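Examination of the molecular architecture
Below, each chain spelled out in residue letters.
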Amino acid sequence: MPSGRLSLPAAALLAALVSGCAASAPVTVTPARPLESTQAAPTPRDGAVPGPGGEAAGGRGGEETREGRGEKAAVTTDELIALGAELTAALESGDVEQWLALTTLTGEDAQQQRDWFAGVHAVPMDVREMHPTWLLERDVDGPVHGPLVEFSFRHQVTGVDAQPAVELYEFTLERVGTDGPYRIVGVSGSEDLDSAYPQLWDLGPIEVVETEHTVLIAEPDSGIGELSAALDAGAAAVLEAFPVEGVDRMSVTVVDEELVATVYQESDPGTYAGFVVPVPASPVVETGSGLPDVVTGDSIGARLVVDQEYAEDEWGAYDEPAGGSPVMRHEGLHLAMTLRYPDDIPPRWAVEGFASWFEVTGDPEVLASHEDWYRVLTTEDDLPDSLPPSGYEEFFGDLHGEPDEESGDEESIWDEPLEDPWWDSDPDVVELAYLESANVFLYVDATFGPEVTAALGDALHTHDLWLDDDEDLDALVHDHLGVDLDELEGGYVDWVHDTYGR
């Protein structure tokens, strides 16, 4: 489940850090909407199904005519596979004219494809392929006489992806003449939750800065090079402490708050300073009698997005803290845990507390900022008497929406649209959940040491709230600390009261 760091206005960040009083920058982080890696394949509209090789893959074709156009033959699976092969050949050649020759796009649409093609070649990749993977509609409505087809952009960012990643597009096709080849007449991103769309290369021209541990993707003339060392240091710290097999760099999109909201989707500008989202991975492509199957397997990839202004303000306000960019340390830790344990759902206090612990322990000033901000938001009367919530909904407060009038049940957080998103809840409640989760690991650090803390946090990410029971969690904690979960809770509560009691 991806996570994002709540954005604090730059003025508040700077004022908090230089004031000398208790107020300081919060380490609050907030989750991105969940990606269901087990989501079933989309059901094609109009009953369209991928046909076997040589047979009609859908469409009414020869049964219909359009005035002045003649009869159109139905698209076949072989034709779609052939188009995919031509698109892949153009990607491999790096010739944008070869790519555009497979479309009939003009004007702004053609320019968007030129920018996209340049973007996916500016990003270092070991694999660039395009595969037709689902026939969505046999014949789209309107003047176009052709199918709507899902195409999977299978790509592997060098050093970032242990397995190729997949981004889903929807191409509207139309046959040239009565029996000519199909060509692309419309391009859009898939709306599937796990489509990985959009990436910054879908939105316009990009620039890319490579460092030893990052591939930074930004808008042209962004000045991202000035922040590259800070982001690289944060990524390096994460990958040194928590290595991921086959990964030695992180893909980081660094943009302004408007584009953060666009890439995140369905969020307000300024909501997030950064977040991590998993993307489908495709170790192999299976072919047979039908359309290719871009197998996603058990592994996934991940992409990180950071608000450039926030990261710059934070970096300057802390005067270039040791250990690299704090927001990069936090989100980079989420990225590493996502890749190391893609199928598990740990307690939320473990997910956010572990990342926050790694963030604030990179530099003494950042840690002091955390401590000061917690003092601002608490009094002796409301210090915690238990661990922070384990469940997603409980952790973020009122995320349930309105009760269902017929059943009386509250709507699930997964229902869309979400009537009352977390950002409409009391922000102090959300911030305290994260601050107190960090304090759990700061207590473990103070009591058992940083190495034990790192091992515990990593191991907690192997726990699955849906599959494992409380006894499993109790045993996991005992294996690392020599105490059970209740004793961990009691020790944490005592430590908070001793540390922050007035």
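Cut-offs and rules
- In this convention, every chain numbers its residues from 1, walking through the sequence in written order.
- Where local features are concerned, this predicted model is filtered to residues with pLDDT of at least 70; where side-chain atom pairs are given and counted, the filter is 80 or more; whole-chain, interface and lining totals use all residues.
- In computing side-chain values, all of the structure's heavy atoms are included and hydrogens and water are not.
- Each helix is a run of DSSP H or I of at least 4 residues and each strand a run of E of at least 2, with the numbering of both proceeding from the N terminus.
- Throughout, exposure labels follow a simple rule: accessible area from a 1.4 Å probe, protein chains only, divided by the maximum for the residue type, with under 20% read as buried, over 50% as exposed, and the rest as partly exposed.
- Residue-level accessible areas treat just the shown protein chains as cover; the underlying method is Shrake-Rupley with a 1.4 Å probe.
- Between two residues, a contact is recorded if the distance between any of their heavy atoms is within 4.5 Å.
- Within this document, salt bridges are pairs made up of a side-chain nitrogen of Lys or Arg and a carboxyl oxygen of Asp or Glu, the two lying within 4 Å of each other.
- For this analysis, a ring pair means two rings from Phe, Tyr or Trp (six-membered ring only for Trp) whose centres lie within 6.5 Å, classed as stacked if their planes differ by under 30 degrees, edge-to-face if by over 60, and tilted for the remaining angles.
- Either the NZ atom of lysine or the CZ atom of arginine qualifies as a charge over a ring when it sits within 6 Å of the ring centre and within 35 degrees of the ring normal.
- Any helix carries an expected span of 1.5 Å times its number of residues minus one.
- Polar contact criterion, stated in full: a pair of N or O atoms within 3.5 Å, where within protein one must be able to donate a hydrogen and the other to accept it, and residues adjacent in sequence count only if both atoms are side-chain atoms.
- Lines are fitted to the C-alpha atoms to define the axes, a helix being fitted only along its stretch in contact, and any angle between axes, read from their N-to-C directions, falls within 0 to 180 degrees.
- When residues are sorted by character, Ala, Val, Leu, Ile, Met, Phe, Trp, Tyr, Cys and Pro go into the nonpolar class, Asp, Glu, Lys and Arg into the charged class, and all the rest, Gly among them, into the polar class.
- Directions from the helix axis toward the C-beta atoms define the arc.

**Remarks on the overall build of the chain**
Across its full length, the chain holds 15 helices and 17 strands. Burial status across the chain gives 55% buried among its 502 residues. A total of about 20,800 Å² of accessible surface is found on the chain, and carbon and sulfur atoms cover 47% of it.

**Re the environment of Leu168**
Within the secondary structure, Leu168 sits in strand S9 (residues 165-175). Judged by its relative accessible area of 11%, Leu168 is buried. Considered as a pair, Leu168 and Ala196 are 28 residues apart in the sequence and their alpha carbons are 6.8 Å apart. For Leu168, the residues in contact, after removing those within four places along its chain, are Glu150, Phe151, Ser152, Gly189, Ser190, Asp192, Ser195 and Tyr197.

**What to know about the pattern of salt bridges**
Under the counting rule described, the total for this entry stands at nine salt bridges. Residue Glu97 pairs with Arg114 through a salt bridge whose shortest N-O separation is 2.8 Å. Of this pair, Glu97 sits in helix H3 (residues 96-100) while Arg114 sits in helix H4 (residues 107-122), and the two are 17 residues apart along the sequence. When its relative accessible area of 43% is taken as the criterion, Glu97 is described as partly exposed. On the basis of relative accessible area, Arg114 is assigned to the partly exposed category, the value being 31%.

**Overview of the packing of aromatic side chains**
In total, this model carries 18 aromatic pairs according to the counting rule given. Aromatic side chains Trp116 and Tyr169 sit 6.0 Å apart centroid to centroid with 90° between the ring planes, which places their arrangement in the edge-to-face category. Here Tyr169 lies in strand S9 and Trp116 lies in helix H4, a separation of 53 residues in the sequence. The class for Trp116 is buried, based on a relative accessible area of 2%. You can call Tyr169 buried: its relative accessible area is 3%. Ring plane angle 75° and centroid distance 4.8 Å describe the contact between Tyr374 and Tyr500, whose orientation is recorded as edge-to-face. In this pair, Tyr374 is assigned in helix H10 (residues 364-377) and Tyr500 in helix H15 (residues 485-500), connecting sequence segments 126 residues apart. A single burial state applies to Tyr374 and to Tyr500, both of which are buried. Grouped by ring-pair contacts, the aromatic residues Trp99, Trp116, Phe117, Phe151, Phe153, Tyr169, Phe171, Tyr197 and Trp201 constitute a single cluster. Taking the ring centre of Phe358 as reference, the NZ or CZ of Arg329 above it sits at 4.1 Å.

**Things to note about helix H9 (residues 348-360)**
Over its 13 residues, H9 runs 18 Å from end to end, which matches the ideal 18 Å to within 8%, given 1.5 Å per residue. Counting buried positions over the 13 residues of H9 gives 13, a clear majority of the element.

**Overview of the side chain of Ser195**
Topologically, Ser195 is positioned in the loop between strand S10 (182-189) and strand S11 (207-210). Since its relative accessible area comes to 1%, Ser195 is described here as buried. Looking at Ser195, its side chain comes within polar contact range of the main-chain oxygen of Ser190, at 3.2 Å. Once residues within four sequence positions are removed from consideration, Ser195 is found in contact with Val166, Glu167, Leu168 and Ser190.

**Let's talk about the packing of helix H14 (residues 470-481) against H15**
Taken N-terminus to C-terminus, the directions of H14 and H15 make an angle of 65°; their axes are 8 Å apart at the nearest point. Packed against H14, whose contacting residues are Leu473, Asp474, Val477 and Leu481, the element H15 presents Leu485, Asp486 and Leu488 at the interface. Of the residues that constitute the contact of H14 with H15, the class distribution is five nonpolar, no polar and two charged.

**Regarding unusual backbone geometry**
Look at the link from Tyr197 to Pro198: it is a cis peptide, with omega at 0°. Structurally, the position occupied by Pro198 is in the loop between S10 and S11. For Asp221, which is not a glycine, the phi torsion comes out positive at approximately 60°. Relative to the helices and strands, Asp221 resides in the loop between strand S12 (214-218) and helix H5 (225-241).

**Re H14**
A rise of 1.5 Å per residue sets the reference length of H14, with its 12 residues, at 16 Å; its end C-alpha atoms lie 16 Å apart and thus fit the reference within 8%. Along H14, the positions that sit buried rather than exposed are Leu473, Leu476, Val477 and Leu481. For H14, the buried positions fall inside an angular range of 110° around the axis, keeping them on one side. Exposed and facing more than 90 degrees away from the buried side of H14 are Glu471 and Asp479. The N-capping residue of H14, defined by a side-chain oxygen 3.1 Å from the backbone nitrogen of Glu471, is Asp469.

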